[in-house]
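Listed below are the residues making up each chain.
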Amino acid sequence: MGLLDSILGRSKPAKPDLDQLFGLPSAAITLEASLGFTSTGTGSVAFRAPEGRAFADVQADVQALLDAGGGPKVDVSVDSFGYTWLVLRKDPPDLPALVTDLHAVNSTLQDSGFGPTLLCSLASFTDGTRTFGLVYLFKRGTFYPFAPAVGDARTIDGEAPQRRDNLLEIQLRDLLKDDLRIEPEVSRWFAVWGAPGL
Amino acid sequence: MGATTRYGDDAQLSRATRLALLRVGFAAVLTAVAIAMSYVVLVGIKGLMGLRAAWEFGHWWAVAGLSLLVVVLSVGAFLRGRVAARRIRGAELLPEDSRFVAVLARLCALADIPRPRLALVDLPMRNAFVGEAPGQPVTIYLSRHAAYELPDDQLEAVLAHELFHVAHGDTTLTRRLERIADTAERRAPEVVSTYVLRSVRSLMRQREHAADRAAALLTGRPSSMVAAIEACSSDGASIRDADLRSAVALGFVPPRERGFGYPEDTHPTVARRTEVLARVATTLGSRGPDA
């Protein structure tokens, strides 16, 4: 960004990159072969719903698009940070079909001019005990793993402490680096505690 | 420039910014002329004649070289700006798992901006500002009053506003602008320095509008931004801390020592900020943010 651009506040909006999503199915094969993780059949899209009528129309469009294709069940929820999550489920788990649906939702939002509002997409995997999500950052076109630690530890209030299983996350990063573009800056691996669909 | 601007264009705002930029350019030239004239008085006619004698004597290249050196050095000094390490007293850097950091991290992911550090400070008001010490990463300072008294959506609006100050490079710009104003105040006649200060401040007010606008478009909640500005402007406290005053130039709201609406103010009035945000709300209501 040049000095003049920055003075006039003319930085370009961050455009989402959807193509990398299609790397997920091959990553899933690697995951199952090496660590025994399989897709839970659940994926979600998080975006920032702006105020105003225009966005309400788009949300109806997304729903209509998925219904028309005999598509998956979509749950809409708003998290505590104010982001809207669309949760898609495939039962039995079918990752390639799930990825296609995720892509459809995202491109509808993008084509309607709401690309800048897309935060991330998430596909979850499990090996029976541990569950983790592969988070796709639209603006970077990169993935990172988010693995909540499992354990019986409780805080004094009886709540489960929010701890990430960093060992598993790093393991996954190294395992998947040939299949997916992994976000190199760990500071951008923000936690998605209690993300719908995880 | 319509199609290339961030989230569309606000013609009125762009025009005002270009005008402010022209004024600052003119003010800088005016300062330079005023200072040059004061040198002529200082050095006196004799000095000038000596220079001319040297020139005629055949050492014109020495004179030219010396002048060039002076120009290069002063431009360099100006562009570096004054890097005064400001120690922010009682700042507490927030850990990665803090909720405030999580809010900021999501905003950064949404806008694709590297995440600055986030720290809490004690200010007698609800406010936030950007600090940049040499050799240290950029840090957003959030006052404890703002952190614990504002509802989540307003807190997010405050953080997004500061994030765009960082993204737009306003820390460096403000430092340079204040340097021009400082130089004028010390070296130029009062008429000139008053004009320079007002020009510089009018550009800084435009930067506030730009940050408000970009932040409201990013969060999609211009109403939360307006509410946050009102909440931070209404608690009536003022800051008398000289160390902090220059840092708060990039604050979410200005420290109040008097009313609003003076030509020397660093921030626009609440009413003007609301006007700009109302136009954002109209944009969001009728089309997408990148339309």
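In the block above lies the structure referred to throughout.
Residues numbered from 1 in each chain as written. Chains lettered and ligands numbered in written order. Predicted model: local features only at pLDDT ≥ 70, side-chain atom pairs only at ≥ 80, totals over all residues. Heavy atoms only, no water.

Secondary structure summary: chain A contains five helices and six strands in total. When the elements of chain A are put in sequence order from the N terminus, they spell out α-α-β-α-β-β-α-β-β-β-α. Counting across all 198 residues of chain A, residues that qualify as buried make up 52%. In chain A, the proportion of contacts linking residues at least 24 apart, taken out of those at least 6 apart, comes to 65%. For chain A, the accessible area works out to roughly 8700 Å², and carbon and sulfur atoms hold 52% of it. (Helix = DSSP H or I, 4+ residues; strand = E, 2+ residues; numbered from the N terminus. Buried < 20%, exposed > 50% of the residue type's maximum accessible area, 1.4 Å probe, protein only. Contact = heavy atoms within 4.5 Å. Areas by Shrake-Rupley, 256 points an atom, 1.4 Å probe, with all protein chains shown as cover.)

Let us now look at the packing of aromatic side chains. Tallying each qualifying case throughout the model produces ten aromatic pairs over all chains. Seen in terms of ring centroids, Phe37(A) and Phe132(A) are 4.9 Å apart; in terms of plane orientation they differ by 80 degrees. Their pairing is edge-to-face. Within this pair, whereas Phe37(A) is found in the loop between α2 (24-35) and β1 (38-47), its partner Phe132(A) is found in strand β5 (residues 131-137), the two being separated by 95 residues in sequence. With a relative accessible area of 0%, Phe37(A) lands in the buried category. Between Phe129(B) and Tyr141(B), the aromatic rings sit 5.3 Å apart at their centres with planes inclined by 20 degrees, giving stacked as the arrangement. In this pair, Phe129(B) sits in strand β3 (residues 128-131) while Tyr141(B) sits in strand β4 (residues 139-143), placing the two residues twelve residues apart along the sequence. Judged by relative accessible area, Phe129(B) falls into the buried class, the value being 0%. (Phe/Tyr/Trp six-rings, centres within 6.5 Å; stacked < 30°, edge-to-face > 60°.)

Attention now goes to the sheet that holds strand β1 (residues 92-93) of chain B. All names here are of chain B. One open sheet accounts for four strands, arranged β1-β2-β4-β3; its pairing is mixed. Whereas interior strands pair on both sides, the edge strands pair on one side only; in this sheet they are β1 and β3. Bridge analysis of strand β2 (residues 117-121) against β4 gives five bridges, and the strand direction is parallel. Across the sheet, residue arginine 117 finds its bridge partner in β4, namely threonine 139. (Pairing = 2+ DSSP bridges.)

Within the largest apolar cluster, 106 residues are counted, with the highest numbers of intra-cluster contacts made by Phe125(A) and Leu142(B). Here this core gets eleven residues from one element, more than from any other, and that element is helix α2 (residues 99-111) of chain B. Every residue in contact with Leu142(B), bar those within four places of it in the chain, is listed here: Ala119(B), Leu120(B), Val121(B), Asn127(B), Ala128(B), Ala147(B), Leu155(B), Val158(B) and Leu159(B). Listed in part, the 14 residues of the second largest apolar core include Leu177(B), Ala184(B), Val192(B) and Met204(B). (Core = buried A, V, L, I, M, F, W, Y, C linked by side-chain atoms within 4.5 Å.)

In short, shape yes, function no, at least from these values alone.
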